[in-house]
Amino acid sequence: MTRLADRISRLGVESAFDVLVRAKTLEAQGRNIIHLEIGEPDFATPEHIVEAGKRALDEGWTHYGPTQGDPELRAAIAAHVAATRGVEVGPDRVCVTPGAKPILFFCMLALLEEGDEVICPNPSFPIYESMIRFCRATPVSVPLVEQRGFSFDLNIFRGALNDRTRMVILNSPHNPTGGVIPPDDVRAIAEMIADRDIVVLSDEIYSRICFDGRPLSIATLPGMLEKTIILDGFSKIYAMTGWRLGYGVLPPLLVDAVNKLMVNSNSCTASFTQRAGIAALRGPQDAPQRMVEEFRRRRDAFVAGLNTIPGFCCALPPGAFYAFPNITATGRTSRDLADALLNEAGVACLSGTAFGEYGEGYLRFSIANSMENLLEAVERIRRFVS
Ligand code: PLP
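Residues numbered from 1 in each chain as written. Predicted model: local features only at pLDDT ≥ 70, side-chain atom pairs only at ≥ 80, totals over all residues. Heavy atoms only, no water.

## With respect to unusual backbone geometry
Point 1. Residues Asn-122 and Pro-123 are joined by a peptide bond in cis, for which omega reads 5 degrees.
Point 2. Within the secondary structure layout, Pro-123 lies in the loop between β3 (117-122) and α5 (126-134).
Point 3. Going from Ser-172 to Pro-173, the amide bond is cis rather than trans, its omega being -10 degrees.
Point 4. Among the secondary structure elements, Pro-173 is positioned in the loop between β6 (165-171) and α7 (183-193).
Point 5. Its identity is not glycine, yet Phe-150 carries a phi of approximately 60 degrees, on the positive side.
Point 6. With respect to the secondary-structure elements, Phe-150 resides in the loop between β4 (138-145) and β5 (151-152).
Point 7. Since its relative accessible area comes to 9%, Phe-150 is described here as buried. (Helix = DSSP H or I, 4+ residues; strand = E, 2+ residues; numbered from the N terminus. Buried < 20%, exposed > 50% of the residue type's maximum accessible area, 1.4 Å probe, protein only.)

The following block contains the structure:
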């Protein structure tokens, strides 16, 4: 083997996995590390969902299935999207994929060309920018503003739009800040792009992990469903990260393209996993509700704790399971402080810059760990900083 194709050099990575490896190495040396780096719920998949998965294996759901997804699951998803967003979409608009990540990847592959621009919140999930660059398009970073609850400055957003803009990415509740885009901002953004040939990628993977009501999906606004990709899935709300089950609700043109990309890559999503997904959507919802309530308790206690640490200032995140404190008053850079907390205080977290340049001055902590560990982390950080 002599060389890799150039396109591989355009792919980025998720530094959460790098930090996890470094934390594990320290643990192997006997160090005690509190893991607040990885963005996955620390809860078990609810039992009735696990049972449905096992039953599906026994019943023989172990073969190839339809590329677009199990028709019964697609119907359940369409009903769920109608109930949660109030938009009528048929199962024909639903594409099921192994996790929600392929929806990102496939829709970008299907839509973006060299020279196209994609408006991307910054900081944000690093896979957006990686995929945009992989497709030879250009990410246009629009900073999120802490004073606006980590929403856009709408004037800057407007200024970033031009004739090359092909896609706008919205993520609400947001990784890494936990911010939720205020409904008025969603309406203003919809108005700005209504007459343009722009597709919105609305990443709603955290839509049900929201502590004050539901975020407004841009797909529900007049004329927007036809130009919006709703991305959602089972990883976060049902603690099913390892099952790999996600979906997109897509404009019809994209459905065919995503099916083609699926046939050329995965063939289909695992059949028994999809049966478990039906049980998740149609079964009792008390386990996810309990999980969200527990995240709220942890968020309140952890953020209050962070705010007692000299140099830390953390807004209360209205959604997702992350805290994103401003640490500029510590006088250290984000990367330097994140490294020191791991190596010297035994707390693994991510530098805000792992999510883009405008993440400088912040750290991301996942609150997907026990209350006891979260409070211990606060004490370790306080001891280190003082
Ligand atoms: N979108 C965001 C903002 C995320 O944080 C994640 C996972 O971390 C995903 C999408 C992808 O989720 P999955 O592929 O596990 O469904």
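## Concerning the environment of Ala-340
Point 1. Mapped onto the fold, Ala-340 is located in helix α11 (residues 334-345).
Point 2. Put simply, Ala-340 and Ala-323 are 17 residues apart on the chain and 18 Å apart in space, counted from C-alpha to C-alpha.

## Notes on the packing of aromatic side chains
The geometry of two aromatic rings is summed up by the distance between their centres and the angle between their planes.
Point 1. Evaluated as defined, the whole model comprises 15 aromatic pairs.
Point 2. Ring centres 5.5 Å apart and planes at 90 degrees place the aromatic pair Phe-43 and Phe-295 in the edge-to-face group. Taken as a pair, Phe-43 in the loop between β1 (34-35) and α2 (47-58) and Phe-295 in helix α10 (residues 286-306) lie far apart in primary sequence, 252 residues in all.
Point 3. A centroid spacing of 5.1 Å and a plane angle of 45 degrees characterise the contact between Phe-152 and Phe-157, whose relative ring orientation is tilted. Here the two residues Phe-152 and Phe-157 agree in accessibility, since each one is buried.
Point 4. One aromatic cluster is present, formed by Phe-43, Tyr-206, Phe-295, Phe-321 and Tyr-322 through successive ring pairs.
Point 5. When the ring centre of Trp-61 is taken as origin, the NZ or CZ atom of Arg-275, which lies over that ring, is 4.0 Å away. (Phe/Tyr/Trp six-rings, centres within 6.5 Å; stacked < 30°, edge-to-face > 60°. Lys NZ or Arg CZ within 6 Å of the ring centre and 35° of its normal.)

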